[in-house]
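Structural description and commentary
These are the residues of each chain, in order.
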Amino acid sequence: MPNRSLDDFAAGDDESVDTPPSADEPADATDSADANADADSRDVSTLATYRWTPEPAACPQCGESVQKRWLDGDEYVCLDCKDW
């Protein structure tokens, strides 16, 4: 297959492309309001069920320092404290 120019693939008409607003243009206020509404109305099923931290953290139930914790009820606990 011979080499082709990028112009061969460009659209014939100059269609506008969605671009992010520049620093000079104000952002759309409804976009940020929608994002905040989504963050506030999170479904519990979207929570992470597992956490890893580079530095060990204390398990809230037994106090053991661990890097890996799993969601159990409302808190993240170590493997031994997790109610499987």
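Further up the page is the structure itself.
Let me sum up the structure you'll find in this document. (Residues numbered from 1 in each chain as written. Predicted model: local features only at pLDDT ≥ 70, side-chain atom pairs only at ≥ 80, totals over all residues. Heavy atoms only, no water.)

Some points on the pairing of strand β1 (residues 50-58)
The cut-off we apply is this: Pairs of strands are assigned from DSSP output, requiring at least two bridges between the strands. Only DSSP runs of H or I with at least four residues qualify as helices, and only runs of E with at least two residues qualify as strands; both kinds are numbered from the N terminus onward.
Pairing analysis gives 5 bridges linking β1 to strand β2 (residues 65-72), with the strands arranged antiparallel. From the neighbouring strand, Y50 faces β2, where its bridge partner is W70. Taking the residues that link successive antiparallel strands as the turn, the β1-β2 hairpin has 6 residues, and the phi of G63 there is positive, at about 85°.

Quick word on the side chain of R69
Definition in use: In this scheme, a residue with accessible area under 20% of its type's maximum is buried, one over 50% is exposed, and one in between is partly exposed, where area comes from a 1.4 Å probe on protein chains only. Charge convention: Lys and Arg are scored as positive, Asp and Glu as negative, and His as well as the terminal groups of each chain are ignored. Only one rule defines a salt bridge in this text: a Lys or Arg side-chain nitrogen within 4 Å of an Asp or Glu carboxyl oxygen. It only takes one pair of heavy atoms within 4.5 Å for two residues to be counted as in contact.
If you trace the backbone, R69 turns up in strand β2. Despite its burial, R69 remains without a salt bridge, the nearest opposite charge being carried by E75 at 9.0 Å. If sequence neighbours within four positions are ignored, R69 has contacts with T49, Y50, R51, T53, A57, Y76, V77 and C78.

Quick word on the sheet that holds β1
As a reminder, the rule being used: Angles shown run from 0 to 180 degrees and are taken between the N-to-C directions of axes, each axis being a line fitted to C-alpha atoms and, for helices, limited to the stretch in contact.
Spatially, β1-β2-β3 is the arrangement adopted by the 3 strands of the open sheet, whose pairing is antiparallel. Of all strands in the sheet, those with a lone pairing partner are β1 and β3 (75-77), marking the two edges. Taking each pair of neighbouring strands and ignoring which way they run, the sheet shows an average axis angle of 40°. In this sheet, β3 lies alongside β2 in antiparallel orientation, the contact comprising 3 bridges. Looking across to β3, one finds that W70 is bridged to V77.

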